[in-house]
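# Remarks on the overall topology
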Amino acid sequence: MDLKQLKFLIALDETRHFGQAAARCHITQPTLSMRLRSLEEELDLPLVKRGQRFEGFTAPGERVLAWARTVLTAHDGLLAEAAACRGNLVGTLRVGVVPLSSFNPQPLLQRLHAEHPNLRFELSSLSSEQILEQLASNRLDLGVSYLERLDSENFDSLPLEPTHMGLLYDHRHFSFGEQPLSWEALIELPLGLLTSGMHFRQSIDHNFHIRGLQPQPVLQTDAVHQLVQMVHGGLCCAVMPLDSGLETLTEHLRLQPIADAQTLARLGLIMRRSAPRSALAQACFALYQQSFGDS
């Protein structure tokens, strides 16, 4: 058994396709199949369900897959730890961020990259549940998620600034004065909202509800980029984080503050407590605490 076989197994899980997994690993599909069969023979276990195409993993395969991720994470962590002992950070920092987070990772990542040019970054947009799950399974190094009901025994966290809300609109189609908008005024506008159940939407609904208001959105979607496209096209306006920077995407977008508009829960930078905890995560966590926490 070698690390490459474990990487092939994980690639197959992530692509769910033999050909795509082989391409990702820069090998031919017959070579991928041969190496995976060799792993099955060595473990004396069937790992992959095979047919005309990939059909999933067997029950033992799922368990081996979990161990494969742990082994590769430990291997990458060992290399990163050795580099950190030499004063360098190498590898890929994996960060998961909830949709419509007001946290801007750019200053932090730029600072890290300037000090450690060999460091790479992987940003994923995930739900709060997915972020905690992937932090726990070591598939993420850091998460930006809501702190309510966070298990403080298993995770360390740094609270971020409260998230205030504003109205994103295209000034070619809508015009507002200088003053913050009221929630009552929003009812009169064509609104585009995230779908019910998403955390940011819950905060929007709460602000309407406590004022006895019932919005009738013209559009609901779970895709932030589609919502922004619809705003840019003039179909609707959308409630967004005030400091999200979305208004800088084009010259036509604007973000107007909304009075008394804040999310229900505070965001935080989150890192798992238990070992193995990557040197990359700890360095990033400490840097934010020292350089950005009080800004």
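Quick summary incoming for the structure in this document. Note that the coordinates shown come from a computational prediction; the quantities given were computed from them, not determined experimentally. (Residues numbered from 1 in each chain as written. Predicted model: local features only at pLDDT ≥ 70, side-chain atom pairs only at ≥ 80, totals over all residues. Heavy atoms only, no water.)

## Digging into the sheet that holds strand E7 (residues 164-170)
The sheet built from five strands is open, its strands ordered E9-E8-E10-E7-E11 with mixed pairing. Looking at which strands have only one partner, the edges of the open sheet turn out to be strand E9 (219-221) and strand E11 (253-262). Each strand axis lies, on average, 30° off the axis of its neighbour in the sheet, ignoring direction. Contacting E7, strand E8 (191-194), E9, strand E10 (237-241) and E11, helix H8 (residues 199-209) crosses the sheet at an angle of about 130° to E8. (Pairing = 2+ DSSP bridges. Helix = DSSP H or I, 4+ residues; strand = E, 2+ residues; numbered from the N terminus. Axes fitted to C-alpha atoms, helices over the stretch in contact; angles between N-to-C directions. Contact = heavy atoms within 4.5 Å.)

## Structural notes on the sheet that holds strand E6 (residues 155-159)
Pairing within the open sheet is mixed, and its five strands lie in the order E4-E3-E5-E12-E6. Both outer strands of the open sheet, strand E4 (119-125) and E6, are each paired with one neighbouring strand and no more. Put simply, the sheet's adjacent strands are angled 25° from each other on average, direction ignored. Across the sheet, helix H5 (residues 106-115) touches strand E3 (91-97) and E4, and the angle it forms with E4 is around 160°.

## Some points on H5
Taken as a whole, H5 has its buried residues at Leu-108, Leu-109 and Leu-112. The arc enclosing the buried residues of H5, seen along the axis, measures out at 95°, which places them on a common side. (Buried < 20%, exposed > 50% of the residue type's maximum accessible area, 1.4 Å probe, protein only. Arc of directions from axis to C-beta.)

## Details of the packing of aromatic side chains
Applying the stated criterion to the full structure yields five aromatic pairs. Considering the side-chain rings of Phe-54 and Phe-57, the 5.3 Å spacing of their centres and the 70° angle between planes classify their relative orientation as edge-to-face. Centre to centre, the rings of Trp-183 and Phe-208 are 4.9 Å apart; their planes meet at 80°, and the pair counts as edge-to-face. Note that Trp-183 is positioned in helix H7 (residues 183-186) and Phe-208 in helix H8, a separation of 25 residues in sequence. Residue classification places Phe-208 among the buried residues on the basis of a relative accessible area of 0%. (Phe/Tyr/Trp six-rings, centres within 6.5 Å; stacked < 30°, edge-to-face > 60°.)

## Some points on the packing of helix H1 (residues 3-15) against helix H3 (residues 29-43)
Relative to each other, H1 and H3 sit at 110°, their axes nearing to 10 Å. Taken together, the axis directions place H1 and H3 in an arrangement best described as roughly perpendicular. The hand of the H1/H3 crossing is left-handed. Where H1 approaches H3, its residues Gln-5, Leu-6, Phe-8, Leu-9 and Leu-12 are matched on the opposing element by Leu-32, Arg-35, Leu-36, Ser-38, Leu-39 and Glu-42. Class assignment for the residues of the contact of H1 with H3 results in seven nonpolar, two polar and two charged. (Parallel < 35°, antiparallel > 145°, perpendicular 65-115°, else oblique. Left-handed = near helix turned anticlockwise from the far one by under 90°. Nonpolar A, V, L, I, M, F, W, Y, C, P; charged D, E, K, R; others polar.)

## Description of unusual backbone geometry
A positive phi angle, near 55°, is found at Asp-44, a position not held by glycine. Within the secondary structure, Asp-44 is located in the loop between H3 and strand E1 (48-50). The class of Asp-44 is exposed, set by a relative accessible area of 68%.

## So, the nonpolar core
In terms of nonpolar packing, the biggest core is built from 65 residues, with Leu-112, Leu-167, Trp-183, Leu-186, Val-239 and Met-240 touching the most fellow members. When residues in this core are grouped by element, the largest group, six residues, is from helix H10 (residues 279-292). Taken domain by domain, this core gets at least three of its residues from each of domain 2 (89-161 + 266-293) and domain 3 (164-262). Every residue in contact with Trp-183, bar those within four places of it in the chain, is listed here: Met-165, Ile-204, Asn-207, Phe-208, Arg-211, Leu-213, Val-239, Ile-258, Ala-259, Asp-260 and Ala-261. Judged by nonpolar contacts, the second largest core, of 21 residues, contains Ala-22, Cys-25, Val-48 and Phe-57. (Core = buried A, V, L, I, M, F, W, Y, C linked by side-chain atoms within 4.5 Å. Domains from an automatic or database assignment.)

## As for the environment of Thr-31
Position of Thr-31 relative to the elements: it lies in helix H3. Using a relative accessible area of 29% as the deciding quantity, one classes Thr-31 as partly exposed. Considering only alpha carbons, one finds Thr-31 and Ser-101, 70 residues apart in sequence, at a separation of 42 Å. In this structure the side chain of Thr-31 is engaged in a polar contact, spanning 2.8 Å, whose partner is the side chain of Thr-28. (Polar contact = N/O pair within 3.5 Å; in protein donor to acceptor, adjacent residues only side chain to side chain.)

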